[in-house]
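# Per-entry structural report
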Amino acid sequence: MDTETDADGVRPVGSPAAGVVHALAERQETLATIESLTGGLLAASIVEIAGVSGVYRGGLVVYATELKAHLAGVPEDLLDERGPIDPDVAVALAEGGRRRCGADWGLATTGVAGPEPQDGKPVGLVYAAVAGPLGTDVRRFDLDGGRDHIRSAAVIEALRLLAERVHAADRDAARAGSAA
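Quick look at the structure, then. All of these numbers come straight from a predicted model, not from anything done at the bench.

### Some remarks on the sheet that holds strand S4 (residues 125–132)
- Judged by pairing direction, the sheet is mixed, and its five strands sit side by side in the order S2-S1-S3-S4-S5 without closing on themselves. Unpaired on one side and paired on the other, strand S2 (56–61) and strand S5 (135–142) mark the two borders of the sheet. Adjacent strand axes in the sheet meet at a mean angle of 15° when their direction is disregarded.
- Sheet topology places strand S1 (residues 31–35) next to S2; five bridges connect them, and they run parallel. Looking at the pairing, leucine 31 lines up with tyrosine 56 of S2.

Okay, here's the thing in structure tokens:
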């Protein structure tokens with residue numbers, strides 16, 4: 001399977017990061033990434049975009065479970081109770097990283113890239129979460145393929161989630177402006 005395809009095996013048209021970076025630049029908002037299974041791949045895809053320095057604040061790669069608590073601020077009791085691969089942990093990563101990096105938006109990934117299951121969770125189980133000015137959202141993905149494909153598809157799907165939330169914020173702002 002192609003390593004640069006999404007959860008459905010489809011290669012995205014254009015750069016998934018470019019649209020998000022440009023939308024955030026127009027909004028004059030900033031972004032932080034908080035990564036576990038993607039291990040910096042998400043940040044790398046974002047910093048490839050020209051002009052990103054005004055948008056991207058930085059990121060955390062918190063591969064080890066204890067670093068999710070110590071660096072990203074995920075509550076230790078949540079990690080103890082549920083483990084690192086959980087939708088609420090993904091949300092806590094996005095919120096904590098957003099706060100720690102002083103960004104308007106936080107985008108997080110956690111999951112199992114393989115080759116073996118982890119903590120009873122199957123290979124390919126991924127959660128992406130976004131925290132922004134209007135709250136949080138989390139998505140679950142059950143990805144197929146090898147380790148490289150799972151990681152790259154997780155990046156594409158996380159960026160799509162962020163793009164949806166940014167566009168929803170634009171729609172909300174437009175509605176509020178027309179109601180005034």
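### Some remarks on the environment of valine 74
- With respect to the helices, strands and loops of the structure, valine 74 is situated in the loop between helix H3 (65–70) and helix H4 (76–82).
- According to the relative accessible area criterion, valine 74 is buried, its value standing at 2%.
- Residues within four places of valine 74 in sequence aside, it is in contact with Lys68, Ala69, Leu79, Val89, Ala92 and Leu93.

### Some points on the pairing of S1
- Most of S1 sits inside the fold, with five of its five residues counted as buried.
- Side chains Leu31, Thr33 and Glu35 of S1 all project onto a buried face; the interleaved residues Ala32 and Ile34 project onto the opposite face, where all are buried too.
- Note on the crossover from S1 through helix H2 (residues 41–47) to S2: the handedness is right-handed.
- Summarising the sheet, S1 and strand S3 (residues 105–111) pair through five bridges and their orientation is parallel. Opposite leucine 31, over in S3, you have tryptophan 105 as the bridge partner.

### Topic: unusual backbone geometry
- Of note, the amide linkage connecting glycine 114 to proline 115 takes the cis form, showing an omega dihedral of 20°.
- A positive phi angle is found at glutamine 28, which is not glycine, with a value near 55°.
- Within the secondary structure layout, glutamine 28 lies in the loop between helix H1 (16–27) and S1.
- Backbone geometry at aspartate 119 places phi at a positive 50°, although glycine is not the residue there.
- Mapped onto the secondary structure, aspartate 119 falls in the loop between S3 and S4.

Rules used throughout
Residues numbered from 1 in each chain as written. Predicted model: local features only at pLDDT ≥ 70, side-chain atom pairs only at ≥ 80, totals over all residues. Heavy atoms only, no water. Pairing = 2+ DSSP bridges. Helix = DSSP H or I, 4+ residues; strand = E, 2+ residues; numbered from the N terminus. Axes fitted to C-alpha atoms, helices over the stretch in contact; angles between N-to-C directions. Buried < 20%, exposed > 50% of the residue type's maximum accessible area, 1.4 Å probe, protein only. Contact = heavy atoms within 4.5 Å. Right-handed = clockwise from strand over helix to strand, strands pointing away.

Read these as layout, nothing more, since geometry by itself doesn't imply function.
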